[in-house]
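Spelled out, the chains give:
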Amino acid sequence: MASKVIASGTGTSGPIRVFEEVLVQARIDAQDIVRMVATGYGRMTFKGVDRQISEITCHARGVSHLVPTARTIIDIGGQDAKIIKISDKGKVLNFLMNDKCAAGTGRFLEVMSRVLETTVDQLGSLGSKSAKAAAISSTCTVFAESEVISQLAAGILKEDIAAGVHQAVARRVAGLARRVGIEEDVILTGGVAQNPGVLEALGKQLKTMVKSAPIPQFTGALGAAIIAWEEL
Amino acid sequence: MGEIGFTTTIPVEIVIAAKKKPVDLNNLFISSPRPQELVDAAEQEGYPRNTCGWIKGLYSVAVKRSLEAVIAVIQGDCSNTQALMETLQLKGINIIPFAYPFDRDRKTLETQIFKLMDFFQVGIDDVLRVKARLDNIRRLCWELDSMTWQDDLVSGLENHYYLVSSSDFNSDPFKYEKDLRNFIDKAKRRSPCKGQVRLAYIGVPPIFTDLYEVLESMGARVVFNEVQRQFSMPFKTGDIFEQYLNYTYPYGAFARLEDIQEQLEQRMVDGVIHYTQTFCYRQIEDLIYREKIKLPFLTLEGDKPGKVDARTRMRLEAFVNMLKA
């Protein structure tokens, strides 16, 4: 019906702005909504919802609805990465999240795209031009940033660094995924799923086909909507 | 009566037999009104950012409090304790090192315990008299624990509070005993709390101040607090050396695992939470527990003292929901 993405931190006006814009898009009033479920980091600050559900549960439902054969979900969002194993009914069987470090998340890509003087949306196509990915050895976003700056200074091509950045994210996330165990189909969701470079690098790392979820930025929201619908 | 601080559970009987007041520095740190300030104070003195919050908290409380001496457990606990001990020495604090033998050798442990007794100038008869007295209190702890998992009358937080405090009996065994007895009498009149997700909590006590409340608000209850229970010395023995050999905490992951497996089976647990401290070597041991424990497993990481953060809350919520489904 309607959807909207707004970049915001937790506890900001983001959730309420999204809500207002979605109402306009869908041409309905707030009173027309009979049940509302909020998910994600902003779920606690958004008032007036019937239920708040963690995005792990919601991603599982959303992805399972879109791709019924999905058994492993890799969600790489702006600030964390999660591996979720699900049943054929979209129930969470197991999950694992990254530790308290931004390496292997969308934040890492954002920081790196800034250093490469491009945008995070363009990073994927930049990396695709690479013939030889640069090695990024640091596991920490902050250290990797200075490593990339010195690589640029040494004359290494931007596209090679971009490809190296994709591989670094994939290595990190693949390590996490192996700990939970990979079962096909493997679906990548979250904002980072829009980056073909990460998708491909992840497939190579895990030696399995990794597909992007349709509407990867909305699978959590879709899951929340499905749960709300079922609870009516 | 002088106060004797310690960095983790030690044979407290010796301290009490010497007519000194035992003070578990961990409890002092985490129950202080502003524990984060204590961590900050240690960092200002030069403690690195990438060191465990507990060590920094322990350092600051030991510096602030006028203690007669600090017993530092330099083997059988975190190796950072050695540097903690040295930096406290730098501040002129009297340090008594104590080491649990990694191989759980009785002779070596006897030597350590006798050394501690020599330092405090107490004999074995005095120590055993205190032990008998403390065992009466510990029996109440064990009763509280079975009221938690067997009778469903005691919450995870209450269980945690009383058991974690049994390392030093809140520095006043008589008062602790009276409080605990009153609590047990009251809890017996409650009706059992059924239908919640039953969780085991393994690992060192949390640096989060509201973990148990958060879990309970989600419909889950901790029915096993692994290390806290160990503090209550749940072993029926009159032999003090045997007691501190049975105590699992200082003897590595496998000694603990045996006790954990036994308790998990008995307590009908739905899932396990393994708590580790950021920058702690026990984060490596997580992989041992993950492999050996065949129950749904969640690893939590805590860094600084304070309320459960948003990321941790999300993990807990997803884990509890997963167990409910």
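None of the values given here were measured: they were computed from a predicted structure.

**A closer look at the side chain of Thr7 of chain B**
Reasoning step 1: As for its placement among the helices and strands, Thr7 of chain B is situated in the loop between β1 (3-6) and α1 (12-17).
Reasoning step 2: Among residues more than four places away in sequence, those in contact with Thr7 of chain B are Asn26, Leu58, Val70, Ile71, Ala72, Val73, Asp77, Thr81 and Leu84 of chain B.

**Topic: the nonpolar core**
Reasoning step 1: Formed by 114 residues in total, the largest nonpolar core has its most connected members in Ile71, Phe120 and Leu316 of chain B.
Reasoning step 2: Looking at this core, the element that brings in the most residues is helix α7 (residues 124-149) of chain B, giving nine residues.
Reasoning step 3: Each of domain 1 (1-67 + 216-232) and domain 2 (69-212) of chain A contributes no fewer than three residues to this core.
Reasoning step 4: Leaving out residues up to four positions away in the same chain, Ile71 of chain B has contacts with Ile4, Gly5, Phe6, Thr7, Ile10, Val15, Ile96, Phe98, Leu116 and Phe120 of chain B.

**A short note on helix α5 (residues 141-153) of chain A**
All names here are of chain A.
Reasoning step 1: Taking 1.5 Å per residue as the helical rise, α5 with its 13 residues ought to reach 18 Å, and the 18 Å between its terminal C-alpha atoms agrees with that figure.
Reasoning step 2: Every buried residue of α5 is listed here: Thr141, Ala144, Glu147, Val148 and Gln151. Down the axis of α5, the sector holding all buried residues measures 115 degrees, keeping them to one side. Away from the buried face of α5 by more than 90 degrees, exposed residues Val142, Phe143 and Ala153 are located.
Reasoning step 3: Looking at the buried positions of α5, the neighbouring elements they touch are α3 (106-115) and α6 (158-180).
Reasoning step 4: The first or second residue beyond α5 is Gly155, which carries a positive phi of 90 degrees.

**Considerations on the interface of chain A and chain B**
Reasoning step 1: Across the contact, 23 residues belong to chain A and 18 residues belong to chain B.
Reasoning step 2: Our enumeration of links across chain A and chain B arrives at two salt bridges.
Reasoning step 3: Taking the shortest distance from any N to any O, the salt bridge between Arg179 of chain A and Asp286 of chain B comes out at 3.7 Å.
Reasoning step 4: Along the contact surface separating chain A from chain B lie four residue pairs in polar contact (both at pLDDT 80 or more).

**Description of the sheet that holds strand β6 (residues 186-189) of chain A**
Residues and elements named next belong to chain A.
Reasoning step 1: Spatial ordering of the open sheet is given by β5-β4-β3-β6-β7, a layout of five strands whose pairing is mixed. Of all the strands in the sheet, just β5 (92-97) and β7 (210-212) have a single pairing partner and so form its edges. Taken over all neighbouring pairs, the strand axes of this sheet differ in orientation by 25 degrees on average, direction set aside.
Reasoning step 2: Sheet topology note: the strand β4 (residues 81-86)/β5 ladder contains five bridges and is antiparallel. In the sheet register, Ile83 faces β5, and the bridge partner there is Leu96.

**Observations concerning the packing of aromatic side chains**
Residue and element names in this part refer to chain B.
Reasoning step 1: Scanning the model with the defined rule gives 17 aromatic pairs over all chains in all.
Reasoning step 2: Centre to centre, the rings of Tyr100 and Tyr251 are 6.0 Å apart; their planes meet at 85 degrees, and the pair counts as edge-to-face. With a gap of 151 residues between them, Tyr100 in the loop between β4 (95-99) and α6 (106-120) and Tyr251 in the loop between α12 (240-246) and α13 (252-266) connect regions that are remote in the sequence.
Reasoning step 3: A residue is classified by how much of its surface remains accessible, and Tyr100, at 1% relative accessible area, is buried.
Reasoning step 4: On the numbers, 5.4 Å between centres and 50 degrees between planes, the contact of Phe114 with Phe241 is tilted. Placement of the pair is Phe114 in helix α6 and Phe241 in helix α12, with a sequence separation of 127 residues.
Reasoning step 5: Ring-pair connections join several aromatic residues into one group, and the members of that group are Phe98, Tyr100, Phe231, Tyr244, Tyr247, Tyr249 and Tyr251.

**Remarks on the side chain of Gln277 of chain B**
Residues and elements named next belong to chain B.
Reasoning step 1: Note that Gln277 resides in strand β7 (residues 271-277).
Reasoning step 2: Here Tyr275 takes part through its side chain, which lies 2.7 Å from a polar atom of the side chain of Gln277.
Reasoning step 3: With residues near it in sequence (within four places) discarded, Gln277 still touches Cys52, Gly53, Trp54, Ile207, Gln283, Gly302 and Asp303.

**Here's the deal with the domain arrangement of chain A**
Residues and elements named next belong to chain A.
Reasoning step 1: Per the domain assignment, the segments making up chain A are domain 1 (1-67 + 216-232) and domain 2 (69-212).
Reasoning step 2: Averaged C-alpha coordinates put domain 1 and domain 2 at centres separated by 25 Å.
Reasoning step 3: At the junction of the two partners, domain 1 supplies 14 residues and domain 2 supplies 22 residues.
Reasoning step 4: Both sides together, the interface formed by domain 1 and domain 2 hides about 1,400 Å², and carbon and sulfur atoms give 65% of it.
Reasoning step 5: When the buried surface of domain 1 facing domain 2 is broken down by residue, Ile56, Val67 and Pro216 rank first, second and third, together holding 40% of it.
Reasoning step 6: Across the contact surface, domain 1 and domain 2 share one salt bridge.
Reasoning step 7: Here Glu55 and Lys82 are joined by a salt bridge, their closest N and O atoms 4.0 Å apart.
Reasoning step 8: Remark: the boundary between domain 1 and domain 2 carries six residue pairs in polar contact (both at pLDDT 80 or more).
Reasoning step 9: Along the lines of polarity and charge, the residues of the side of domain 1 that touches domain 2 split into six nonpolar, six polar and two charged.

**Notes on the sheet that holds β4 of chain B**
Residue and element names in this part refer to chain B.
Reasoning step 1: Taken together, the four strands give an open sheet; going across it, the order is β2-β1-β3-β4, and neighbouring strands pair in parallel fashion. Each having just a single partner strand, β2 (21-24) and β4 make up the two edges of the open sheet. Across the sheet, the mean angle separating the axes of adjacent strands is 25 degrees when strand polarity is ignored.
Reasoning step 2: Pairing geometry for β1 and β2, over four bridges, is parallel. What sits directly across from Ile4, in β2, is Pro22.
Reasoning step 3: Set on the sheet, helix α5 (residues 80-90) makes contact with β3 (69-75) and β4; between it and β3 the angle comes to about 155 degrees.
Reasoning step 4: Along the sheet, α6 makes contact with β1, β3 and β4, crossing β4 at roughly 160 degrees.

**Some words on the packing of helix α4 (residues 53-64) of chain B against α5 of chain B**
Residues and elements named next belong to chain B.
Reasoning step 1: Running from amino to carboxyl end, α4 crosses α5 at an angle of 25 degrees, the nearest separation of the two axes being 10 Å. It follows from the interaxial angle that α4 and α5 lie roughly parallel. Judged by the twist between their axes, the crossing of α4 over α5 is right-handed. On α5, the residues touching Ile55, Leu58, Tyr59, Ala62 and Val63 of α4 are Asn80, Thr81, Leu84, Thr87 and Leu88.

**Focus: the pattern of salt bridges**
Reasoning step 1: Evaluated as defined, the whole model comprises 40 salt bridges over all chains.
Reasoning step 2: Of the charged contacts, one joins Arg229 of chain B and Asp145 of chain B as a salt bridge, the two residues approaching to 3.5 Å between their closest N and O atoms. Placement of Arg229 of chain B in helix α11 (residues 226-231) and of Asp145 of chain B in helix α7 is noted, with a sequence separation of 84 residues between them.
Reasoning step 3: Judged by its relative accessible area of 6%, Asp145 of chain B is buried.
Reasoning step 4: Here Arg190 of chain B and Glu158 of chain B are joined by a salt bridge, their closest N and O atoms 2.8 Å apart. With Arg190 of chain B in the loop between α9 (173-188) and β5 (197-203) and Glu158 of chain B in helix α8 (residues 156-164), the pair connects residues that are 32 residues apart, well separated along the chain.
Reasoning step 5: Among the residues examined, Arg190 of chain B registers a relative accessible area of 35% and is labelled partly exposed.
Reasoning step 6: Here the salt bridges do not stand alone but share partners, grouping Arg43, Glu55, Asp75, Asp80 and Lys82 of chain A together with Glu317 of chain B into one network.

What counts, and at which threshold
Residues numbered from 1 in each chain as written. Chains lettered and ligands numbered in written order. Predicted model: local features only at pLDDT ≥ 70, side-chain atom pairs only at ≥ 80, totals over all residues. Heavy atoms only, no water. Helix = DSSP H or I, 4+ residues; strand = E, 2+ residues; numbered from the N terminus. Contact = heavy atoms within 4.5 Å. Core = buried A, V, L, I, M, F, W, Y, C linked by side-chain atoms within 4.5 Å. Buried < 20%, exposed > 50% of the residue type's maximum accessible area, 1.4 Å probe, protein only. Domains from an automatic or database assignment. Expected span 1.5 Å × (residues − 1). Arc of directions from axis to C-beta. Salt bridge = Lys/Arg side-chain N within 4 Å of Asp/Glu carboxyl O. Polar contact = N/O pair within 3.5 Å; in protein donor to acceptor, adjacent residues only side chain to side chain. Pairing = 2+ DSSP bridges. Axes fitted to C-alpha atoms, helices over the stretch in contact; angles between N-to-C directions. Phe/Tyr/Trp six-rings, centres within 6.5 Å; stacked < 30°, edge-to-face > 60°. Buried area = accessible area lost by both parts, 1.4 Å probe. Nonpolar A, V, L, I, M, F, W, Y, C, P; charged D, E, K, R; others polar. Parallel < 35°, antiparallel > 145°, perpendicular 65-115°, else oblique. Left-handed = near helix turned anticlockwise from the far one by under 90°.

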